[in-house]
Amino acid sequence: MRRCAPFCLRKLSYNDLRGFVPVKECHEHFWGSFGAQAVRLSTEFNVLGCEEGRHVDVFQRTHHRDLLKSSDVKTSQQARKLVERGCLQPDPLFYNRLLKKCVELGDLREGRIIHALVLTSEFKDDIFILNNIINMYVKCGSLGEARICFDEMPAKDTFTWTTMIVAYTQNGRPEAGLSMIPKMLHLGLKPNNFTFSILLKASGAISSAKHGMHIHTLCIKYGCDSNVYVGTSLVDMYARCGLIDEAQSIFDGLVSKNEVSWNALIAGHARKDRGEEALKLFQSMKREDFDPSDFTYSTVLNACASAGILEQGKWIHAHVIKCGVKLTDFVGHTLLHMYAKCGSIEDAEKVFARLVERDVVSWNSILTGYAQHGLGHKSLEQFDIMLKTGMQPNAITFLCLLTSCSHAGFVEQGQYYFEMMKTYGLEPKIEHYVTIVDLLGRAGKLDQALKFIRDMPVKPVAEIWKCLLGACRMHRNMELGVYAAEQTFDLDPYDSGPYVILANMYALAGRRNDVAKVRKMMKDSRVRKEPACSWVEIENAVHVFVADDDTHPQSKEIYDMWESISAKIKEIGYVPDTSHVLLFLEDHEREAKLQHHSEKLALAFACLNTPPKSTIRIKKNIRVCGDCHLAFKFASTVIERDIIVRDTNRFHHFRNGSCSCGDYW
DNA sequence: AAATCCTGTC
């Protein structure tokens, strides 16, 4: 204790001494402990015209303040020990500062001790302190203890209830948070801005427009809807519930908005795959003099990533550089993700090299990039480097590795990693099981895949069977395919995919009656096939095509261009693969059907509108069809260009007549 | 005297 004294004495100034009330109880102890130094202090006080009695309190307050300013946990403990020894006379503020310190440091153990200390003090019923104790438990991650304190509190106020709602909402139990509101209202407690923001967040988290709208009406009733936090939460809630237009109109009507409100709206559009709208909003935001933050950049970069618009992504990157935003966690990862997702793995590698710090997410992002670009070897090499740097892989890391192996056909390696993840204490989740089925299935080991499914410790979900079904189509195994399809119909009757695959398999086998049967099933279950489309970005504009599209202004040129490409590739050996057409048509009709698939139109359009030799990047909302894949291989030779096609889960790089996927996808 | 809204890898 003596150690602390000089530190405290040095800090005293006249301003510290003014207006403090003496604490008599500590007086004696103080003099006894500090002896000569206290006398010196006393002299200084006398010079300043203070009474002796004030010293102790000055000591206390100064001491608390200085102790609590430091982020060193030892000082918080020191402060507490002084109280335990009776050298300090704590007031409620003292406890609250200590609790705040525990929250900052996430120190649950220390928090519990302070809780105990409060319980033995005269403030054991102080609602303010008890509220802060609950908050401390919540922020330190102990929901259970928070709840016990909550239940045991004799009198609760709005803060108490709000804190508990925050606790549930931020710990993945938004329904539990929402369920507290009726009771709170019943007790006559008025929710405030804090309560409403968190309730709206909870509604958004479960995408429940019903709850959200109810909370919205309460916001209005309690006059909280003009608060900027509440307003922003409203925008976010509607966006997360899929009501993006409602979100936009709330945003437009906001009395006060800040950059967070903009971010919420931009993120909403980005989630809805409205990349261009998100970018437009980004522009408006800057026009209206709101400063984009890390949040904004990662949001718009993500919008570019999902829309696959590389040029505009680069433009945002330029902004990031111009504004001196560091490539730390969020911005760095979304930038890397954007380049990988827009088909430029080289740029993604450059970003990875320049990241200020690399955490497990950075590594996962680059591994995912390699996996999606079919660079299986690179992915595994990178993983070795990751381990050498001492970075701990997580469940997602292994998912990336398994995907890499699956796409590259590395069956044994994949199984090795699957076992390896367990040695890292990671329990395989359903996604991992799906990937192993995919790995085995693609490699033609269908029986092994089925045995794997049977032996799985978890119940198979629809995804598992869809995977097996895809493999059965690839390897023409009708019997197992039918079985897998039946399983998916039970588990996920509304997905069109399995019906279409099964119908195709029947069609290939010439089983017309069965095709009709599947069609009827589709009709009965009201399943609709998602329309296939492809898109390309040319000079900051996105051009979307569907099959047989004739709506584009350049339509005639596009068809002529495709005819010309088609003629040239036939000369060097392209024979249309009509097995990909479901309908029972004559051969020439089947070919006609194939020739105007959306990706072919997109390719022709890109040839017309981009400089010779430049890389063509096409995005698709579903898997690339087998015939288009074949045609594009020949086309890459004929037009002397690299063609990169992104489908739902991977990239195909066509160059000089072959594809990076090695025809294995 | 305390707290509330927006972003990343699958």
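Please refer to the structure placed before this passage.
Residues numbered from 1 in each chain as written. Chains lettered and ligands numbered in written order. Predicted model: local features only at pLDDT ≥ 70, side-chain atom pairs only at ≥ 80, totals over all residues. Heavy atoms only, no water.

**Student:** Sorry, what's going on with the nonpolar core here?
**Tutor:** Side chains of nonpolar character tend, in soluble globular proteins, to be buried together. By size, the foremost hydrophobic cluster in this structure holds 151 residues, and its most contacted members are Tyr95, Ile133, Met338, Tyr417 and Leu468. Among the elements that make up this core, the one with the highest residue count is helix H31 (residues 496-508) (eight residues). The residues contacting Tyr95, other than those within four sequence positions of it, are Val83, Pro90, Ile114, Leu117, Val118, Ser121, Phe123 and Ile129. Listed in part, the 31 residues of the second largest apolar core include Cys607, Val624, Cys625 and Ala631. (Core = buried A, V, L, I, M, F, W, Y, C linked by side-chain atoms within 4.5 Å. Buried < 20%, exposed > 50% of the residue type's maximum accessible area, 1.4 Å probe, protein only. Helix = DSSP H or I, 4+ residues; strand = E, 2+ residues; numbered from the N terminus. Contact = heavy atoms within 4.5 Å.)

**Student:** For this particular structure, what's the right way to read the pairing of strand E5 (residues 651-655)?
**Tutor:** In this structure, strand E4 (residues 643-646) lies alongside E5, joined through four bridges in antiparallel fashion. Residue pairing for E5: Arg646 is matched across the bridge by Phe651. Hairpin connection of E4 to E5: four residues between the antiparallel strands. Note that E5 and strand E6 (residues 658-659) share two bridges and pair antiparallel. Each residue of the ladder has a partner; that of Phe654, found in E6, is Cys659. Counting the residues between successive antiparallel strands, the hairpin from E5 to E6 contains two residues, one of them, Asn656, with a positive phi of roughly 45°. (Pairing = 2+ DSSP bridges.)

**Student:** What's the story with the protein's contact with DNA strand B in this structure? I'm lost.
**Tutor:** Every one of the 40 residues lining DNA strand B counts as a neighbour, but Ser197, Asn263, His333, Asn364 and Leu399 are closest to it. One of the side-chain N or O atoms of Lys139 is found 3.4 Å from a phosphate oxygen in DNA strand B. One of the side-chain N or O atoms of Asp359 is found 3.1 Å from a base nitrogen in DNA strand B. For the surface near DNA strand B, a count of residues per class yields 11 nonpolar, 21 polar and eight charged. (Near = heavy atom within 4 Å. Polar contact = N/O pair within 3.5 Å; in protein donor to acceptor, adjacent residues only side chain to side chain. Nonpolar A, V, L, I, M, F, W, Y, C, P; charged D, E, K, R; others polar.)

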